[in-house]
Amino acid sequence: MESLPQVGKVEWIGIRAERRADVEPVSEITVDVEAGLSGDHYSRNGGKRQITLVQAEHIEAVEKMLARSVDPGALRRNIVISGINILAFTDRKFTLGEVVLEMTGLCYPCSRIEENVGPGAYNAMRGHGGITAKVIKGGTLRVGDEVRLYQEPEAVEVS
């Protein structure tokens, strides 16, 4: 359970400046422990749901069930990752480039999913909604950054 040799990748980043606004894609963003994603309205000061993430492979599964393509912004998540099982981060810390996050829960489809994606989207997204996370260490996050399980730095003995 402690081994997760796969390395994922940040595929997409999106933010909403205000409630009910469209999600705007960005190629990089500043992430802060207190404020979450710079410019995103949902970033709560130190809250458990500062950032939402979804797995690209889950979006592909939803697209197959709906028989149509799905714009990541329509899912109203902040970050799309690929290449690593997002649920392996349950109760764990993980890194996206230099940023360290901690999974805080599952992210279920919201009631707006049908109006954003179309009929059947709510049920297609069940079990594929992604996760919520809080920021442990901030930094700059970029599309293309590596995603991996966080490894505690080894203590250096001073003699």
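Check the entry above for the structure.
Note that the structure is a prediction, hence the values are computed from the model and not measured.

Visitor: Tell me what's going on with the overall build of the chain, and back it up with residues and numbers.
Guide: Tallying secondary structure elements over the chain gives 3 helices and 11 strands in all. Order of helices (α) and strands (β) in the chain, N terminus to C terminus: β-β-β-β-β-α-β-β-β-α-α-β-β-β. In terms of C-alpha radius of gyration, the chain reaches 16 Å, essentially the compact-globule figure of 15 Å for 159 residues. The principal-axis extents of the C-alpha atoms in the chain amount to approximately 65 × 35 × 25 Å. When the 159 residues of the chain are sorted by exposure, 45% land in the buried category. Once local pairs closer than 6 in sequence are excluded, the contacts in the chain between residues at least 24 apart make up 73%. Taken as a whole, the chain presents about 8,700 Å² of accessible surface, with 47% of it coming from carbon and sulfur. The distance from the centre of the 19 positive side-chain charges to the centre of the 23 negative ones in the chain is 7 Å.

Visitor: An account of the packing of aromatic side chains is requested, with residue identities and associated values reported.
Guide: For the structure shown, the criterion picks out 1 aromatic pair. Considering the side-chain rings of F89 and F94, the 4.2 Å spacing of their centres and the 10° angle between planes classify their relative orientation as stacked. Residue class for F94 comes out buried when judged on its relative accessible area of 0%.

Visitor: Could you give an account of a nonpolar patch on the surface, with specific residues and numbers?
Guide: Taken together, L87, L106 and Y108 make up a surface patch of nonpolar side chains, about 310 Å² in accessible area. In this structure Y108 comes out as exposed when scored by relative accessible area, which is 58%.

Thresholds, definitions, all that
- Along each chain, the written sequence defines residue order, and numbers are assigned to residues from 1.
- For a predicted model such as this one, the threshold for reporting local features is a pLDDT of at least 70, and the threshold for listing and counting side-chain atom pairs is 80 or more; totals across whole chains, interfaces and linings nevertheless cover every residue.
- Working from all heavy atoms in the structure, the side-chain values ignore hydrogens and water.
- Numbering goes from the N terminus for both helices and strands, where a helix is a DSSP run of H or I of at least four residues and a strand is a run of E of at least two.
- We compute the radius of gyration over the C-alpha atoms and compare it with the globule rule, which gives 2.2 Å times the number of residues raised to the power 0.38.
- Only protein chains enter the accessibility calculation, which uses a 1.4 Å probe; a residue whose area is less than 20% of its type maximum is buried, one above 50% is exposed, and one in between is partly exposed.
- Contacts: residue pairs with any heavy atoms within 4.5 Å of one another.
- Residue exposure ignores everything except the shown protein chains as possible cover, and the areas themselves are Shrake-Rupley values with a 1.4 Å probe.
- Asp and Glu are treated as the negative residues and Lys and Arg as the positive ones, with His and the ends of the chain left uncounted.
- Lysine's charge is taken at NZ, arginine's at CZ, aspartate's at CG and glutamate's at CD.
- Pairing of aromatic rings covers Phe, Tyr and the six-membered ring of Trp, with a centre-to-centre limit of 6.5 Å; geometry is then stacked below 30 degrees between planes, edge-to-face above 60, and tilted otherwise.
- Residues with no salt bridge and a relative accessible area higher than 30% make up the patches, which join like charges within 9 Å and nonpolar side chains (Val, Leu, Ile, Met, Phe, Trp, Tyr) within 5 Å.
- Within this document, salt bridges are pairs made up of a side-chain nitrogen of Lys or Arg and a carboxyl oxygen of Asp or Glu, the two lying within 4 Å of each other.

So yeah, pure geometry; function would need other evidence.
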